[in-house]
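Survey of secondary and tertiary structure
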Amino acid sequence: MNDGPQRGGKHPALVHLPFALVMAVVALGLVRIIQFSWREGTVWIGLALLLAAGLRVLLRDEQAGLVAIRSRAVDVLLYGLFGIVVIAVALTIEGGWLNR
């Protein structure tokens, strides 16, 4: 009964794919923020949180990798809530020198 790194016939690096997808969207958001489009970049970061919530709903605990932090219900609730709040704040802030 060897449950080595190839358990289930899948490559062990695939468990990190969901986290890599979320971090790629975060990186896109950070690039947009650095390019002085802070509102769009912040929306991308909120979308990354919503992506994490969606992946957490769709994937089993073993497949979710680093996206799975707490129980599935808590992860989905918090990722979704924080994603919506980040997007809402980014879209509703008005004025200031960062207004673009």
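Right, let's get into the packing of helix 2 (residues 38-58) against helix 4 (residues 72-92). Two numbers describe how helix 2 lies on helix 4: the axes approach to 8 Å, and their chain directions differ by 165°. Considering their axes alone, helix 2 and helix 4 lie roughly antiparallel with respect to each other. Judged by the twist between their axes, the crossing of helix 2 over helix 4 is left-handed. Residue classes in the contact of helix 2 with helix 4 are distributed as 16 nonpolar, five polar and four charged.

Moving on: the nonpolar core. Generally speaking, nonpolar side chains in soluble globular proteins are found buried as a group. Core analysis: the biggest nonpolar cluster contains eleven residues, these being Val22, Val25, Val26, Ala48, Ala52, Ala53, Leu55, Leu59, Ala64, Val67 and Tyr79. Looking at this core, the elements that each hand over two or more residues are helix 1 (17-34) and helix 2. Val25 has contacts with Trp44, Ala48 and Leu51, leaving out every residue within four places of it along the chain.

What follows is about a nonpolar patch on the surface. On the surface, a cluster of nonpolar side chains totalling about 330 Å² of accessible area is made up of Leu14, Leu17, Leu21 and Leu51. With respect to the secondary-structure elements, Leu14 resides in the segment before helix 1.

Okay, helix 2 next. The end-to-end C-alpha separation of helix 2 is 30 Å, in line with the 30 Å expected for 21 residues at 1.5 Å each. Among the residues making up helix 2, those that are buried are Trp38, Arg39, Gly41, Thr42, Val43, Gly46, Ala48, Ala52, Ala53, Leu55 and Arg56.

Glancing now at the environment of Phe82. One can find Phe82 in helix 4. Separated by 29 residues in the primary sequence, Phe82 and Ala53 place their C-alpha atoms 9.9 Å from one another.

Procedures and definitions
Residues numbered from 1 in each chain as written. Predicted model: local features only at pLDDT ≥ 70, side-chain atom pairs only at ≥ 80, totals over all residues. Heavy atoms only, no water. Axes fitted to C-alpha atoms, helices over the stretch in contact; angles between N-to-C directions. Helix = DSSP H or I, 4+ residues; strand = E, 2+ residues; numbered from the N terminus. Parallel < 35°, antiparallel > 145°, perpendicular 65-115°, else oblique. Left-handed = near helix turned anticlockwise from the far one by under 90°. Nonpolar A, V, L, I, M, F, W, Y, C, P; charged D, E, K, R; others polar. Core = buried A, V, L, I, M, F, W, Y, C linked by side-chain atoms within 4.5 Å. Buried < 20%, exposed > 50% of the residue type's maximum accessible area, 1.4 Å probe, protein only. Contact = heavy atoms within 4.5 Å. Patch = residues over 30% accessible without salt bridge, like charges linked within 9 Å, V, L, I, M, F, W, Y side chains within 5 Å. Areas by Shrake-Rupley, 256 points an atom, 1.4 Å probe, with all protein chains shown as cover. Salt bridge = Lys/Arg side-chain N within 4 Å of Asp/Glu carboxyl O. Expected span 1.5 Å × (residues − 1).

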